[in-house]
Amino acid sequence: GARRFAVMRLDGSHRRVYRREWIPQAWSPNGRRILVGNRSRVGLMNPSTGRVRRLGTLPCGYLTSAVWTRPGEHPWPPPCTACRCFRVASALEGD
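Residues numbered from 1 in each chain as written. Predicted model: local features only at pLDDT ≥ 70, side-chain atom pairs only at ≥ 80, totals over all residues. Heavy atoms only, no water.

Section: the packing of aromatic side chains
What the rule picks out here adds up to one aromatic pair. Taken together, a centroid distance of 6.1 Å and an interplanar angle of 50° make the contact between phenylalanine 5 and tyrosine 18 tilted. Residue phenylalanine 5 is found in strand E1 (residues 3-7), and its partner tyrosine 18 is found in strand E2 (residues 16-20); the two are separated by 13 residues along the sequence. Tyrosine 18 carries the same exposure label as phenylalanine 5, and that label is buried. (Phe/Tyr/Trp six-rings, centres within 6.5 Å; stacked < 30°, edge-to-face > 60°. Helix = DSSP H or I, 4+ residues; strand = E, 2+ residues; numbered from the N terminus. Buried < 20%, exposed > 50% of the residue type's maximum accessible area, 1.4 Å probe, protein only.)

Here you go:
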């Protein structure tokens with residue numbers, strides 16, 4: 001079902017509460033988008049409007065955590081065998 005979550009600036013101002021099926025995972029480095037997941041789907045949410053742009057479906061069936069990295073970097077060196085990394089870098093082009 002839908003979950004409630006709040007988005008605000010670090011000082012607590014500009015607070016917005018959304019009721020969405022999507023679960024926030026990680027802010028983009030520029031602070032303009034939030035990577036969100038819902039079951040096996042992944043999307044980018046605009047924190048000002050709450051709108052989600054769907055990016056696709058995960059082959060493993062679910063999203064457990066997320067981290068933004070620079071192109072070519074891996075968040076867990078050396079790569080672990082129990083996790084998989086998926087690139088969503090091209091989704092921010094032109095952002």
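Focus: the nonpolar core
If you look at the biggest cluster of nonpolar residues, it comprises seven residues: Phe5, Val7, Tyr18, Trp22, Ile34, Val36 and Met45. Put simply, the parts of the chain that give this core at least two residues each are E1 and strand E4 (34-38). Those residues within four positions of isoleucine 34 in sequence are excluded, and the remaining contacts are Val7, Pro24, Gln25, Ala26, Trp27, Gly43, Leu44, Met45 and Pro47. (Core = buried A, V, L, I, M, F, W, Y, C linked by side-chain atoms within 4.5 Å. Contact = heavy atoms within 4.5 Å.)

Things to note about the side chain of serine 28
Tracing the backbone shows serine 28 in the loop between strand E3 (23-27) and E4. Of note is the side chain of serine 28, whose polar atom sits 2.7 Å from the side chain of asparagine 30. Here arginine 32 takes part through its backbone nitrogen, which lies 3.2 Å from a polar atom of the side chain of serine 28. (Polar contact = N/O pair within 3.5 Å; in protein donor to acceptor, adjacent residues only side chain to side chain.)

Here we look at the environment of serine 65
Secondary-structure assignment places serine 65 in the segment after strand E6 (52-57). Considered as a pair, serine 65 and valine 36 are 29 residues apart in the sequence and their alpha carbons are 9.9 Å apart.

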